[in-house]
Amino acid sequence: MSAHRRPFPTRWLAAGGAAALAGIIGVALLLQTGGSACAAPPSTSTKTGKATFYELGGTTGNCSFEVPADDLYVALGPEQYAEGASCGAYLDVTGPKGKVRVKVFDSCPECQPGHLDLSRTAFKKIGAEVAGVVSIKYRLVTNPSTPGPITVQLKDGASKYWFAARIDNHGNLLSSVQVAGPGGSFKSAHRTDYNYWLIDGGAGSGPYKIKITDVYGNSTTVTGIDLDPGAVQKTSKTLTGGSRVVEKATSPTPTAKKSSPTSKPTTKPSKPATVSPPASSVAPLPASVAAAPSTTGDALVALAAGETTCD
C-alpha cells in the first residue's frame, strides 16, 4: 500500500516552459529533465504489472479532478502519467479476483511503468486488501462510456487575459483544445501537467466556444461556456462511448488519511511575458490519418503525438 502522494516533481518545470518531447504508445516521451527516459501513457495492448493502493490526502489528484462518484481511480508513475497526457482516460485492470475499470486521476512519483496505484475501492475489486500488492494485467480503454457529458471548469484566477480550463468526461486521451471568444477565431490551448488547458494571452471575456479533439480524431465543440472561475459547467456533448449513470461507492471511509498537497495552485500563477506550450501537449491528429480505417488505435495515438522516438 502506498501511504501518501507527493506533488508531481515536474509541474513547475512545465509551467516554466521546460523542454520535453512527447510521444505516445510505441512512440515515447523523451524527458529532458536530468538524463533521458522514455515515457508514454498506457497502451491499448494488454500489459502486465502490479497494483497497490493508497489513501488520497485531499479531494483532488494531480489531474485536478474531483474524486469519481464510484471511487474507482488510479495514479500512474511519471512515465505513464506523461505530464498529464493520461488524465481522464480509463484503464481496465484485471487481478486475482476480477476486473475493474478505473479513471486516470493522479500521479504516483515513486511508481515505475506497470505499477498502478489504485484507490482502495478499486483494489478490493481485483485483489485481497490484506495482500497489499497483486499481479495484474491492464490496458487503455478506447471510446469508454463516461459518467456524464463533457464538463468544463475554468480555474480560479482565470480572466479574459488568462484562460485556463479543465475538461472532464472526455474518455479518450485528448489531442487538442481550441478556444474562441465572442466574435473571435479559435486559439490553441496548451496542457499543463495538472491537467488545465491554458491560453496565456486569454480568449476574451466569454462566453466561449471550446473545440475538443481526441487522439483518434473524434471532435466536438461545446458552446456557451461562461467566464465563471471555479464553477463546473455541464454541457450536452459527449466525445466517446456515451454517458452512464454512476452510483456512489459504498465502501467504508478510511479511518485515517495522510495529508498531501493539492495538485492545483491556490492562486493564479504569475503570467510570464512569453510561455511556450509544453512539448508534452499532443499535436492534433491530421485529417488524413484520422480517416485511414486500416490504422490501428495505438498507431493513431502515436502519430497524433508527432512521431517522436526514444533512444
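Thresholds, definitions, all that
- Residues numbered from 1 in each chain as written.
- Predicted model: local features only at pLDDT ≥ 70, side-chain atom pairs only at ≥ 80, totals over all residues.
- Heavy atoms only, no water.
- Helix = DSSP H or I, 4+ residues; strand = E, 2+ residues; numbered from the N terminus.
- Buried < 20%, exposed > 50% of the residue type's maximum accessible area, 1.4 Å probe, protein only.
- Salt bridge = Lys/Arg side-chain N within 4 Å of Asp/Glu carboxyl O.
- Polar contact = N/O pair within 3.5 Å; in protein donor to acceptor, adjacent residues only side chain to side chain.
- Contact = heavy atoms within 4.5 Å.
- Pairing = 2+ DSSP bridges.

S.K.: Can you walk me through the overall build of the chain in this structure?
M.R.: Across its full length, the chain carries five helices and 18 strands. Taking all 311 residues of the chain together, 52% fall into the buried category.

S.K.: Any chance you could explain the pattern of salt bridges here in plain terms?
M.R.: Oppositely charged side chains can pair when the atoms bearing their charge come close. The tally for this structure, following the rule as stated, stands at seven salt bridges. The salt bridge involving Asp 168 is made with Lys 103; its shortest N-O contact spans 2.7 Å. Note that Asp 168 is positioned in strand β11 (residues 163-168) and Lys 103 in strand β7 (residues 99-107), a separation of 65 residues in sequence. The same class applies to Asp 168 and to Lys 103, which are both buried. Of the charged contacts, one joins Glu 129 and Arg 120 as a salt bridge, the two residues approaching to 1.9 Å between their closest N and O atoms.

S.K.: Got a minute to help me understand the side chain of Asp 92 in this structure?
M.R.: Relative to the helices and strands, Asp 92 resides in strand β6 (residues 90-94). With a relative accessible area of 5%, Asp 92 lands in the buried category. A polar side-chain atom of Asp 92 sits 2.7 Å from a polar atom in the side chain of Arg 101. Apart from the residues lying within four places of it in its own chain, the contact partners of Asp 92 are Lys 99, Val 100, Arg 101, Lys 137, Tyr 138, Arg 139 and Val 141.

S.K.: Please explain the sheet that holds β11 as it appears in this structure.
M.R.: Adjacent strands of a sheet form backbone hydrogen bonds with each other and so pair up, either parallel or antiparallel. Pairing is antiparallel across the open sheet formed by five strands, whose spatial order is β14-β15-β11-β10-β18. What marks the edges here is a single partner per strand, and that holds for β14 (190-191) and β18 (232-234).

S.K.: Is there a simple way to explain the environment of Ile 136 in this structure?
M.R.: On the secondary structure map, Ile 136 appears in strand β9 (residues 134-140). Judged by its relative accessible area of 4%, Ile 136 is buried. In this structure the C-alpha to C-alpha distance between Ile 136 and Lys 50, which are 86 residues apart in sequence, comes to 5.2 Å. Setting aside chain neighbours within four positions, we find Ile 136 in contact with Lys 47, Thr 48, Gly 49, Lys 50, Ala 51, Val 93, Thr 94, Gly 95, Gly 114, Leu 116 and Ile 126.

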